[in-house]
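Understanding the architecture of this molecule
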Amino acid sequence: MTSGLTPELTLSAYCQGCFPMADPSTGEISFYEPDPRALIPLDERFHIPHGLRRTLRKKPFEIRMDTAFAEVVHACARTDQPEEQWIDGQIEEVYGKLHEMGFAHSVECWDGEGLQGGLYGISLGKAFFGESMFHRKTDASKIALVALVQYLRAHQFLFLDTQWTTPHLLKFGTYEVPTREYREMLKRALEG
């Protein structure tokens with residue numbers, strides 16, 4: 001798939017276990033389905049690193065949801081490494097529409113100086129698909145992730161999809177499942 005990204009096509013892709021990314025050199029949109037798939041646990045396996053626990057006790061940020069969605073996505077799109085950028089204007093526009101439709105959400109960390117970090121993703125059924133995160137101040141994106149996990153637990157979500165494993169996410173207990181198992185989990189979450 002190289003063009004014509006729409007909110008409807010994007011939602012359909014998520015329901016099938018795929019998600020869109022823009023090629024930073026061509027701007028073409030492709031859909032991906034990693035195998036294995038990375039998930040952040042929503043049960044007792046979720047781990048908050050010791051140093052982050054200390055920071056959380058200080059409550060350095062006010063947590064908000066969906067108050068600056070477009071700003072979060074735009075901040076996630078900015079990077080010092082353009083060759084690794086997969087969020088382009090078309091992606092920003094479609095996710096903005098998905099936000100207006102009630103499917104895309106942001107978790108934000110604010111302080112007296114403004115928005116300092118956050119993340120965004122798609123919510124379908126009892127599944128949340130994390131897309132990207134950013135920070136302007138230390139630990140802001142991690143604190144947004146902890147807030148998201150707390151929210152998903154409280155609302156009985158079945159999983160938090162992070163697509164791929166990264167060293168950063170491994171610290172939180174990220175684990176991988178093969179595509180076949182992921183599709184079964186996705187089916188249950190979408191029914192839920």
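Keep in mind that this is a model prediction, so the values were computed, not measured. (Residues numbered from 1 in each chain as written. Predicted model: local features only at pLDDT ≥ 70, side-chain atom pairs only at ≥ 80, totals over all residues. Heavy atoms only, no water.)

Describing the packing of aromatic side chains
Any aromatic ring pair is given by two values, namely how distant the centres are and how the planes are angled relative to each other. A full pass over the atoms with the stated rule returns nine aromatic pairs. Note on Phe46 and Phe172: the rings are 5.9 Å apart at their centroids and 20° apart in plane angle, and the pair reads as stacked. Taken together, the positions of Phe46 in the loop between strand E3 (37-40) and helix H2 (50-58) and Phe172 in the loop between helix H6 (167-170) and strand E9 (175-177) put the pair 126 residues apart, joining distant regions of the chain. Chaining the aromatic ring pairs together yields one cluster made of Tyr14, Phe129, Phe159 and Tyr182. Just above the ring of Tyr175 sits the side chain of Arg45; from NZ or CZ to the centre is 4.5 Å. Here the guanidinium or amino end of Arg64 rests over the ring plane of Trp110, the centre of that ring lying 4.3 Å away. (Phe/Tyr/Trp six-rings, centres within 6.5 Å; stacked < 30°, edge-to-face > 60°. Helix = DSSP H or I, 4+ residues; strand = E, 2+ residues; numbered from the N terminus. Lys NZ or Arg CZ within 6 Å of the ring centre and 35° of its normal.)

Details of helix H7 (residues 179-191)
Compared with the 18 Å implied by 1.5 Å per residue over 13 residues, the 18 Å span of H7 between its first and last C-alpha is a close match. Considered for burial, the residues of H7 that qualify are Thr179, Tyr182, Met185, Leu186 and Ala189. Each buried residue of H7 lies within a common arc of 120° when the element is viewed along its axis, so the set occupies one face. In H7, the exposed residues that point more than 90 degrees away from the buried face are Arg180 and Glu191. (Expected span 1.5 Å × (residues − 1). Buried < 20%, exposed > 50% of the residue type's maximum accessible area, 1.4 Å probe, protein only. Arc of directions from axis to C-beta.)

Comments concerning the layout of surface pockets
Taken as a whole, the largest pocket encloses approximately 910 Å³ of empty space. As for the largest pocket, its lining consists of 29 residues, of which Trp86, Glu131, Ser132, Met133 and Phe134 are closest to the centre. Taken together, the elements giving at least two residues each to the lining of the largest pocket come down to helix H3 (69-77), strand E6 (114-124), strand E7 (127-135), helix H5 (140-154), strand E8 (159-163) and H6. Residues of the lining of the largest pocket, tallied by class, amount to 15 nonpolar, 10 polar and four charged. Size it by volume and the second largest pocket reaches roughly 160 Å³. Forming the boundary of the second largest pocket are Leu56, Lys59, Pro60, Phe61, Ile63, Ile143, Val146, Ala147 and Gln150. (1 Å grid on protein atoms, 1.4 Å probe; cavity = no way out; pocket = protein on both sides within 12 Å on 5 of 7 lines; lining within 4 Å. Points joined across faces, edges and corners; volume = space filled by probe spheres on them. Nonpolar A, V, L, I, M, F, W, Y, C, P; charged D, E, K, R; others polar.)

A look at the environment of Thr55
Among the structural elements, Thr55 can be located in helix H2. Each C-alpha atom of the pair Thr55 and Asp139 lies 8.1 Å from the other, and the pair is 84 residues apart in sequence. If we skip the residues at most four places from it in the chain, Thr55 touches Pro60, Asp139 and Ile143. (Contact = heavy atoms within 4.5 Å.)

Overview of the packing of H3 against helix H4 (residues 89-100)
Running from N to C, H3 and H4 cross one another at 155°; their axes reach a closest spacing of 10 Å. For the element pair H3 / H4, the angle class is roughly antiparallel. Helix-helix and strand crossings are classified by hand; for H3 and H4 the assignment is right-handed. Residue-level inspection shows Phe69, Val73, His74 and Ala77 of H3 in contact with H4, the latter providing Glu92, Tyr95, Gly96 and His99. Tallied by class, the residues present in the contact of H3 with H4 amount to four nonpolar, three polar and one charged. (Axes fitted to C-alpha atoms, helices over the stretch in contact; angles between N-to-C directions. Parallel < 35°, antiparallel > 145°, perpendicular 65-115°, else oblique. Left-handed = near helix turned anticlockwise from the far one by under 90°.)

Read these as geometric descriptors, not functional statements.
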